[in-house]
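# Residue-level structural notes
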Amino acid sequence: MRDVLVVDDDFMVAEIHRRFVDQVDGFRAVGVARTGAEALTAARELRPALILLDVYLPDMTGLDVLHRLRSAGDRVGVIMITAARELDTVSGALDGGAADYLMKPFEFPQLQAKLAAFAARADALESAGGADQSLIDSLFGGPSVTASKTLPKGLGVETGELVIAAVRNAGEVSAAECADLVGISRVSARRYLEHYLRAGAVELRLQYGVGRPERRYRIAR
């Protein structure tokens, strides 16, 4: 179980994010902070695995919090969650070692996908043995595991990223299972999965039973 600290100065938003976290398998919210100072104290006392960190806080920016954490040697995972769209803010998050960046407003499946991607990276780094190219691609966003930016008409990049994250987190899914995880129709999930199969991002396994074999998809190795 990965502990998560939610940082947002808006009480209602913080509560929504906390509830979202608790709905994702393998994650639990262990605290809420509404200022940068509270966030730094909670990070030190609770030692979470991940912080959902807003940029706009009343006493300092989320980037300030991130930089202070890193200066103190704290390598806690950080996902910036904010309405900030300025490129210098995005650049500051990358420079500070943020694991990801999620724009407000967002729905539960989007946060779920970000948490799934975070868990996949953490699991890969904790696994025994050396690194091969597929592992390196998964950690650095290589083409074998990321959603293509060029999609057929009717398919969206953002939903495609959710589909890839769902496959990665589950290990292997059918179109129906993927649809439930992402919150889209089975037909739409099948279209995305078949596209990524053709693109080489996922691979297919046929599961035989009674009747027609079930098509199951996993990240290409």
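Before reading further, recall that the structure is shown in the block above.
Described in the following lines is the structure provided in the data block. Note that the structure is a prediction, hence the values are computed from the model and not measured.

So, how was this worked out
- Residues numbered from 1 in each chain as written.
- Predicted model: local features only at pLDDT ≥ 70, side-chain atom pairs only at ≥ 80, totals over all residues.
- Heavy atoms only, no water.
- Helix = DSSP H or I, 4+ residues; strand = E, 2+ residues; numbered from the N terminus.
- Contact = heavy atoms within 4.5 Å.
- Salt bridge = Lys/Arg side-chain N within 4 Å of Asp/Glu carboxyl O.
- Buried < 20%, exposed > 50% of the residue type's maximum accessible area, 1.4 Å probe, protein only.

Okay, the environment of Ala-37 next. Relative to the helices and strands, Ala-37 is located in helix H2 (residues 36–46). Put simply, Ala-37 and Leu-57 are 20 residues apart on the chain and 9.7 Å apart in space, counted from C-alpha to C-alpha. With near-sequence residues (within four places) excluded, Ala-37 lies in contact with Asp-59 and Met-60.

Turning next to the pattern of salt bridges. Under the criterion given, the structure shown has 16 salt bridges. We note a salt bridge from Asp-74 to Arg-47, for which the minimum N-O separation is 3.6 Å. One end of the pair, Asp-74, is in the loop between helix H3 (62–71) and strand S4 (77–82); the other, Arg-47, is in the loop between H2 and strand S3 (50–53), with 27 residues separating them in the sequence. Accessibility expressed as a relative area gives 10% for Asp-74, which makes it buried. Looking at Arg-47, the relative accessible area reads 52%, which means it is exposed. With its nearest N and O atoms 2.9 Å apart, the salt bridge here joins Arg-216 to Glu-177. With Arg-216 in strand S8 (residues 214–219) and Glu-177 in helix H8 (residues 175–182), the pair connects residues that are 39 residues apart, well separated along the chain. The exposure class assigned to Glu-177 is partly exposed, which follows from its relative accessible area of 34%. What emerges from the salt-bridge pattern is a single network uniting Glu-172, Glu-177, Glu-203, Arg-205, Glu-214, Arg-216 and Arg-218.

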